[in-house]
Amino acid sequence: MSVPASQAATTAAPPKLLRSKLFWISLMYFSEGFPLGLFFDLFPVYFRQQGIELSKIGLLSLLGLSWTLKFLWAPLIDFTRRHRYWMAAADVGMGIVMIICAREAGFGPWVWFAIGAFTALSATNDIAIDGYTIEQLDKRELGLANGFRIGFYRVGMLAAGILLWFSDVAGWTSTYGLASVLFFIIAAISIFAPKEPPRPVRDAPASLKSEMSALGQQPMLVVALLLFIGGLLWPVLGVLDAEWLKPYKSAWWFKGGAPVGLILLSAYLFTKGIRGQSEQLSAASAKGPMFGAIVSLLNKPHALLLIGFILIFKLADSSIGFMIKPFWVDSGFTNTQIGLVSVNLGLGLSIAGGIIGGWYTDRAGIFKALWVLGLWQALSNIGYVAAAYFIPRAAQGADIAMAHQVLMYSASAIESFTGGLGTAAFLAFLMAIVDKSRATTEYAILSSIFAFSRSIAGWAGGIGAQEMGYAAYFALTFVLAFPAYALLPWIKSVLKLSEEPRP
């Protein structure tokens, strides 16, 4: 059957159109990575130089919970859909916080308010950018777009590191002033981004009253929702300093088992509870303005397996990530060597890996990219297994044989590059399965679920490396890649259903 000329022109147009989109995606994800870099790299150094106690600096992690809890106010942004204005307002707000930091000093009550506002604004910016990006892109554009997204997000974080260097040259007041100027410039440019496309037309959303009424008639669904939200909010307990929590914080079930179990149990109960309900009740719950996105997510085919896949697909990568820097230190490498090779060179290679992985995802399709690039991502851990096996422990700054240096640098380069490959495919997958009519909220929820695997892996990694030794633990991280492959047949079905037109 011949293709109409207008359709052929539309098919040929996307490369030019995508180039335009890539400019905005690059800018927006630079602005998403920049605040995270300030929070984790610049603020701790600044406060330590002011003589603030380490215990007080550590409490700043409480304020970083906004990035975990952002799914709570994502429905508001989804409802208004003024993504560009949310972005601009968040950037202006963060710029004002930088001005406050430039004018003040010390660690008084103003710090908690200012940085708390900063992280909440940054999380709001993340929500708006992610929702805007998903709405702007077609599924065939997700791979390459996510490659640029990964790259410029990391560039944004690197820019925060450059500001740290600038503080030695010009002082903290000028550093915060420069950061505020950058935020204001990004805010002004964001207003000129292309407008959001019309929201996909579906049935009219249910009112809050009808949503609450429908939930009241489905008690098992209410329990499932409470368990799901409780699992996502669990990290809050980990940073609280309550005395009654301290005996439990070191237990495996507290760190990982409990939140993951709550989320998986909620998906199981939802599947059981939704069966036998009338279509009218189910629709009212799924279209509700408050919990509709969560209900819609839990109502997806194979929801339990889907959530499990999101939790474990990058587990091999996440499990080794937190232990790489300690391994470098214990092998005798200096901070300069770690920074030059593992951080700076690694940044460039991960950007390249993201772009190449994105290109391959668009060419081969998301499903094939998941298992091919995921395998490359896992195989890179073998490089660190070899490094840990052959390189002896040494005091930091000791002379290291050239062969051992080459082995370590090679392992680092491969890990950074292949990590970008797998991330590009995985982010494209997350964006592909959300419903565009409520993309902002659904993606915020999915990204919160994914954050669990990183948190759990970081905790378990320290115990694993300490008890097993680096070589054996790194070998275990390679094995952790394969449980996700057992779920791929169901993931293929989820992807196919996401490509079908929605009624």
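Within an unreviewed UniProt entry, the label attached to the chain reads MFS transporter, and the organism entered is Noviherbaspirillum album. As stated in UniProt under Subcellular location (unreviewed entry), the record for the chain gives "Membrane".

Colleague: What exactly am I supposed to notice about the overall build of the chain here?
Modeller: Helix and strand counts for the chain come out as 23 helices and zero strands. Of all 503 residues assigned to the chain, the portion counted as buried reaches 50%. For the chain, the proportion of contacts with a sequence separation of at least 24, taken over those separated by at least 6, is 87%. As displayed, the chain has an accessible area near 22600 Å², and 68% of this comes from carbon and sulfur atoms.

Colleague: Before we go on, may I ask you to explain the packing of helix H19 (residues 366-390) against helix H20 (residues 402-433) in this structure?
Modeller: Each pair of packed helices gets described by two things: the angle between the helix axes and the distance between those axes. Packing of H19 against H20 brings their axes to within 8 Å, and their N-to-C directions diverge by 155°. By the angle between their directions, the pair H19 and H20 is classed as roughly antiparallel. Judged by the twist between their axes, the crossing of H19 over H20 is left-handed. Class assignment for the residues of the contact of H19 with H20 results in 19 nonpolar, nine polar and one charged.

Colleague: Teacher, can you tell me more about the packing of H19 against helix H22 (residues 470-479) here?
Modeller: For the pair H19 and H22, interaxial distance at closest approach is 8 Å and the crossing angle is 170°. Looking at the two axes, H19 sits roughly antiparallel to H22. Note on element contacts: H22 touches H19 through Tyr 470, Ala 471, Phe 474, Ala 475, Thr 477 and Phe 478, opposite Ala 378, Leu 379, Asn 381, Ile 382, Tyr 384, Val 385, Ala 388 and Tyr 389. When grouped by side-chain class, the residues that make up the contact of H19 with H22 number twelve nonpolar, two polar and no charged.

Colleague: Honestly, the environment of Trp 371 in this entry has me stumped. Any pointers?
Modeller: Its location among the elements puts Trp 371 in helix H19. According to the relative accessible area criterion, Trp 371 is partly exposed, its value standing at 36%. If we ignore the near neighbours within four places in the chain, the residues touching Trp 371 are Tyr 485 and Leu 488.

Colleague: How should I be thinking about H22 in this particular structure?
Modeller: Each turn of an α-helix holds 3.6 residues, which means side chains three or four residues apart point in the same direction. Taken together, the buried positions of H22 are occupied by Tyr 470, Tyr 473, Phe 474, Thr 477 and Phe 478. Looking straight down H22, one finds its buried side chains confined to an arc of 155°; they lie on one side.

Colleague: Is there a simple way to think about a nonpolar patch on the surface in this case?
Modeller: Nonpolar side chains collect at one region of the surface, where Val 92, Ile 96, Ile 99, Ile 100 and Phe 184 lie side by side and expose about 350 Å² of accessible area between them. The element best represented in the nonpolar patch is helix H6 (residues 83-103), accounting for four residues. Residue position: Ile 99 is located in helix H6. Among the residues examined, Ile 99 registers a relative accessible area of 35% and is labelled partly exposed.

Colleague: Would you take a moment to explain the pattern of salt bridges for this structure?
Modeller: When the charged atoms of two side chains lie near each other, side chains of opposite charge can form a pair. By the definition in use, this model includes three salt bridges. One salt bridge connects Lys 21 with Glu 141, and the closest N-O pair in it is separated by 2.9 Å. Here Lys 21 is found in helix H2 (residues 14-49), whereas its partner Glu 141 is found in the loop between helix H7 (109-136) and helix H8 (142-170), with 120 residues between them in sequence. For the pair Lys 21 and Glu 141, a shared accessibility class is recorded, and that class is buried.

Colleague: Where do I start with the nonpolar core in this structure?
Modeller: The tendency in soluble globular proteins is for nonpolar side chains to be buried as a group. Core analysis: the biggest nonpolar cluster contains 74 residues, and Phe 228, Phe 309, Ile 310, Leu 370, Phe 429, Ile 445 and Ile 449 have the highest contact counts within it. Of the residues forming this core, the biggest block, eleven residues, is contributed by H20. When residues no more than four places from it in sequence are discounted, the contact partners of Phe 309 are Leu 370, Phe 429, Ala 484, Leu 487, Leu 488 and Ile 491. If you look at the next biggest cluster of nonpolar residues, it comprises 31 residues, including Leu 38, Leu 60, Val 97 and Trp 172.

Colleague: Whenever I open this one, the packing of aromatic side chains confuses me. Can you help?
Modeller: When we look at a pair of aromatic rings, we describe it by the centre distance and by the angle of the planes. Within this structure, the stated rule accounts for 26 aromatic pairs. Ring pairing ties together the aromatic residues Phe 30, Phe 34, Phe 39, Phe 43, Trp 67, Phe 118, Trp 172, Tyr 176 and Phe 183, which thus form one cluster.

Colleague: What is the right way to look at the environment of Met 212 in this model?
Modeller: Mapped onto the elements of the fold, Met 212 is located in helix H10 (residues 208-216). By relative accessible area, Met 212 is classed as partly exposed at 36%.

Rules used throughout
Residues numbered from 1 in each chain as written. Predicted model: local features only at pLDDT ≥ 70, side-chain atom pairs only at ≥ 80, totals over all residues. Heavy atoms only, no water. UniProt positions renumbered as here; feature names shortened; annotations may be inferred. Helix = DSSP H or I, 4+ residues; strand = E, 2+ residues; numbered from the N terminus. Buried < 20%, exposed > 50% of the residue type's maximum accessible area, 1.4 Å probe, protein only. Contact = heavy atoms within 4.5 Å. Areas by Shrake-Rupley, 256 points an atom, 1.4 Å probe, with all protein chains shown as cover. Axes fitted to C-alpha atoms, helices over the stretch in contact; angles between N-to-C directions. Parallel < 35°, antiparallel > 145°, perpendicular 65-115°, else oblique. Left-handed = near helix turned anticlockwise from the far one by under 90°. Nonpolar A, V, L, I, M, F, W, Y, C, P; charged D, E, K, R; others polar. Arc of directions from axis to C-beta. Patch = residues over 30% accessible without salt bridge, like charges linked within 9 Å, V, L, I, M, F, W, Y side chains within 5 Å. Salt bridge = Lys/Arg side-chain N within 4 Å of Asp/Glu carboxyl O. Core = buried A, V, L, I, M, F, W, Y, C linked by side-chain atoms within 4.5 Å. Phe/Tyr/Trp six-rings, centres within 6.5 Å; stacked < 30°, edge-to-face > 60°.

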